[in-house]
Amino acid sequence: MKILCEVQVVNRTTQANRTPRAVKSTLAIGYKQSARDSNGNTKKELEMVLFTPQVKAGTRYKVRDNIHSVHTKFVLDGKATIGFKQPAENLLIKCDPIQLKGFLQTLKLGMEGKDAINLRLNIASATAIPQKSQPQQRMTINKRSEYPIKGFPRTLKSLSINNIQLMKLSFEICTLRNLTQLDVSGNKLTKIPAELGRLALTSLHLSGNALGELNDWCWLRGNKLTQSLCELDLSANGLDYFPPALVRYERLVTLNLNHNNLHHLPFAIRRLQKLRSLHVSSNKLESLPAAIEDLHIDLLDVWGNCFKGFNVEAAQTQLQRTTASHTPTPLWLQSARVVANHKLPYSASTLPAILIELISEAPKCLCGKLCYALEAQDLLKRVTQPKFTHIKNLTYSREHQIYSDVIICGPNCCAYQQLKALFTIRIV
């Protein structure tokens, strides 16, 4: 068995580095056929060979009864150390995690005297892997005939499969642990496997599919994807609503939801503080949430939506509310407001998960308090005009005036009094 890796050789006796840094190398393991003994039997010696640019012929190490130690604590990060007794050297290995695990498993089988297909390499004639055979990191598929029958290289970092009428995303793609960029635009996908959420993708393009048919967003709940994704394209997927799990993607910088059927954006979008480009053109938006003012967006594209005018009915209904009767604020909401107002530090170990979610995602009243719409009349649709203070570039159809939805925390709120005065002026 042979693997491409980076290796640094350290002498344990002198603590000197035989190589000043990790260098691209080939590490091979296999049996060396020795001469026949008096009984005519051929004795096999297990050897490991390290090929480096400095030692192209390879440095050979005996394996049986010559392993000093094997450190595999960081094997999932693609790192391991193999120490030999003679010579007293350690090989500090950095490699693709899957290839490294396979190599270490082969080493274990060899030390146990077991035969394995990966040990059938004739180590005496082994050579370094040619430079041109280095792991493939990028793959683009634009025709069905280009789809790999034997599977995808485990070393892929970027994969594009476009316009080939793909009906299902294979589970194998979800096991490519090195993958950071995935583009499967222009296909016929209706569902994404939940396992995709285990990949640390930074860029994901899913435009031109049919994910709105099933609205299965389990894959968006994956911890690794939530923490890594910076760019997401869900345009032209027939979405009827904003996927709820998306508001937890706090690293998201670019979000494209063009050409869908969205009727509104959630107030919890205020959680996306790193968002710089938001594209929601050609949808069915009637208004925007007031929380859009909390974002610092460089580009907001809302062209081609059916924005409606000032909602007189909502204003009149609000004016008719009795200010004398007011439901006491729940204790859990009071607690959340205290933490949010004083910007107290919190984590999963100090606060219940539901309270953390409330602090992060609940809408805010115009007065700045966290709010929770316990009643339908707490939500006022299309009653204020957003100022877009933090929006650098706004693209919209000028024949439509944009209004925003707000939530108020109660009739005794100062924002309520301001809105009441504004409603009276506008209605009269």
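Residues numbered from 1 in each chain as written. Predicted model: local features only at pLDDT ≥ 70, side-chain atom pairs only at ≥ 80, totals over all residues. Heavy atoms only, no water.

Student: Break down the overall build of the chain for me, citing the residues and quoting the values.
Tutor: A count of helical and extended segments in the chain gives six helices and 19 strands. Taking all 428 residues of the chain together, the buried fraction comes to 46%. Long-range contacts, defined as pairs at least 24 residues apart, comprise 47% of the intrachain contacts of the chain with a sequence gap of at least 6. (Helix = DSSP H or I, 4+ residues; strand = E, 2+ residues; numbered from the N terminus. Buried < 20%, exposed > 50% of the residue type's maximum accessible area, 1.4 Å probe, protein only. Contact = heavy atoms within 4.5 Å.)

Student: Before we move on, could you go through the packing of aromatic side chains and cite the residues and values that matter?
Tutor: Enumeration over the complete set of coordinates arrives at four aromatic pairs. An angle of 10 degrees between the planes, with centres 4.4 Å apart, marks the rings of Y61 and F84 as stacked. Taken as a pair, Y61 in strand β4 (residues 59-62) and F84 in strand β6 (residues 79-84) lie far apart in primary sequence, 23 residues in all. Centre to centre, the rings of Y147 and F152 are 5.4 Å apart; their planes meet at 80 degrees, and the pair counts as edge-to-face. For Y147, a relative accessible area of 24% corresponds to the partly exposed category. (Phe/Tyr/Trp six-rings, centres within 6.5 Å; stacked < 30°, edge-to-face > 60°.)

Student: So, helix α4 (residues 331-341): which residues are in play, and what are the values?
Tutor: Within the span of α4, buried status applies to L333, A336, R337 and V339. Buried residues in α4, looked at end-on, bunch into an arc of 165 degrees, giving them a common side. Where α4 is buried, its residues contact α5 (353-361). A positive backbone phi angle near 50 degrees is found at K343, which sits one or two residues after α4. (Arc of directions from axis to C-beta.)

Student: Could you give me a rundown of the pairing of strand β7 (residues 89-94), with the residues and numbers involved?
Tutor: Remark: a regular strand shows side chains that alternate across the two faces of the sheet. The sheet contact formed by strand β1 (residues 2-11) and β7 spans six bridges and is antiparallel. Note that in β7 the partner of Q8 across the bridge is L92. Inspection of the sheet shows β6 paired to β7 by five bridges, in the antiparallel sense. The partner of K79 across the bridge, within β7, is K94. Hairpin connection from β6 to β7: four residues lie between these consecutive antiparallel strands. (Pairing = 2+ DSSP bridges.)

Student: Report on the pattern of salt bridges, specifying residues and quantitative values.
Tutor: Within this structure, the stated rule accounts for ten salt bridges. Here E47 ties to R60 by a salt bridge, and the two come within 3.4 Å at their closest N and O atoms. Within this pair, whereas E47 is found in strand β3 (residues 42-51), its partner R60 is found in strand β4, the two being separated by 13 residues in sequence. Overall, the relative accessible area of 12% leaves E47 in the buried class. Residue E361 is joined to R271 by a salt bridge in which the shortest nitrogen-to-oxygen separation is 2.6 Å. One end of the pair, E361, is in helix α5; the other, R271, is in the loop between β13 (254-256) and β14 (277-279), and 90 residues separate them in sequence. Like R271, E361 is buried. (Salt bridge = Lys/Arg side-chain N within 4 Å of Asp/Glu carboxyl O.)

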